[in-house]
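# Overview (structure and organization)
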Amino acid sequence: MLYGALAAGGTKMICAVGDESGQILDQLLIPTTTPEETMPQVIEYFKARVDPSLPEDEKIKALGIACFGPVDVRKNAKTYGNILHTPKIPWRNYPMVQAMKDALGDIPIGFDTDVNGALLGEATWGAAKGLEDAVYVTIGKGIGMGAIVSGNPVHGMLHPEVGHIRMSVIPGDEYQGSCPSHGACFEGLASGQAILGRWGKQAHELLDKPEVWDLEAKYIAQALNSIIMTLSPQKIILGGGVMNNKKLFPLIRQYLLEYINEYIVTKELRNMSSYVTPAALNGNEGVMGAIKLAEMAALDAE
Ligand code: ZN
């Protein structure tokens, strides 16, 4: 069975075709500029995969979209499937699901946040395979979290925005924070943007500066501590550009244990090196998650 997968990111859209084993059979990268420029190319890619002249087994049976946000994931809402108040102004209120529906006819469409998508990929085929409760935190230019609780992606009122939880500023850190809404929230203190703002250089240009990574690890551990205390995940997967510095992992684990201070004692926390772990799907977790979203939408429609 073939599925269409759209990993709609803030800098690029990955359009792909995959199957139920998560294998990516074809993909095309399209830069995310404006809806007027980007979406006709995205639509053309998927339209060719539902063309009536294709043999049945070459057509995609459903489409999964894992989209940058904030997005409206409330199925009964009038604005379901829309991108909401994003800082990427041309994309504000863009009706992502409706646009694809209009283009592709009545194939089932699954829709979720990019981070829930990535976590679904990891929970189906990667680092959180077989787990009912897990989170995926991406730390890049911004910070976001996908969460699965009791096997279901968490949406709640809209969807969690862990990047914007309040934080205790580490003594000695005088940076005011990069978040336009909150200043020194998690994203404001620990995103790639915050690293650039505080140190004047990009994360990858600071690899030889231990003080950068020590502070970064403290902030990430602080946020993970809050996530553990509220959602009690069985695994925490960390991704995003900032986490490309693998030296961060041992530091984060060390501070996390310090902050938890044995208040919670579980086998997962005793095995910290596999509890806080990198994504296992080599950057394909977003696309593979979108394949899974498509499969779930197809099953729902049966
Ligand atoms: Zn914020």
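The structure reproduced in this document is the subject of the present report. (Residues numbered from 1 in each chain as written. Predicted model: local features only at pLDDT ≥ 70, side-chain atom pairs only at ≥ 80, totals over all residues. Heavy atoms only, no water.)

Mapped onto the elements of the fold, Glu-216 is located in helix α6 (residues 210-231). The charged side chain of Glu-216 is buried without a salt bridge, its nearest counter-charge being Arg-198 at 4.8 Å. Ignoring anything within four residues of it in the chain, the contact list for Glu-216 reads Ile-139, Leu-189, Ala-190, Ile-195, Val-242 and Leu-248. (Helix = DSSP H or I, 4+ residues; strand = E, 2+ residues; numbered from the N terminus. Buried < 20%, exposed > 50% of the residue type's maximum accessible area, 1.4 Å probe, protein only. Lys, Arg positive; Asp, Glu negative; His and termini not counted. Salt bridge = Lys/Arg side-chain N within 4 Å of Asp/Glu carboxyl O. Contact = heavy atoms within 4.5 Å.)

Before going further, it helps to spend a moment on helix α5 (residues 192-199). Within the sequence span of α5, burial applies to Gly-192, Ala-194, Ile-195 and Arg-198. Each buried residue of α5 sits inside an arc of 160° when the element is viewed along its axis, so together they form one side. Just beyond α5, the residue with positive phi is Gly-200, at close to 75°. (Arc of directions from axis to C-beta.)

Right, let's talk about the coordination of the zinc ion for a bit. Angles at a metal have ideal values that depend on geometry: 109.5 degrees with four tetrahedral donors, 90 or 180 degrees with six octahedral donors. Around the zinc ion, the donor atoms from the protein are His-164 (ND1), Cys-179 (SG), His-182 (ND1) and Cys-185 (SG), and they sit 2.1 to 2.4 Å away. Metal-centred angles of 104 to 121° between the four donor atoms at the zinc ion mark the site as tetrahedral. Each donor residue of the zinc ion lies on the same chain, and together they follow the pattern H-x14-C-x2-H-x2-C. Of this pair, His-164 sits in the loop between β8 (152-153) and α4 (186-190) while Cys-185 sits in the loop between β8 and α4, placing them 21 residues apart in sequence. Under the relative-accessibility criterion, His-164 is labelled partly exposed at 26%. (Donors = N, O, S within 2.8 Å, 3.2 Å for Na, K, Ca; no water. Tetrahedral: all angles 85-135°; square planar, octahedral: opposite > 155°, others 65-115°.)

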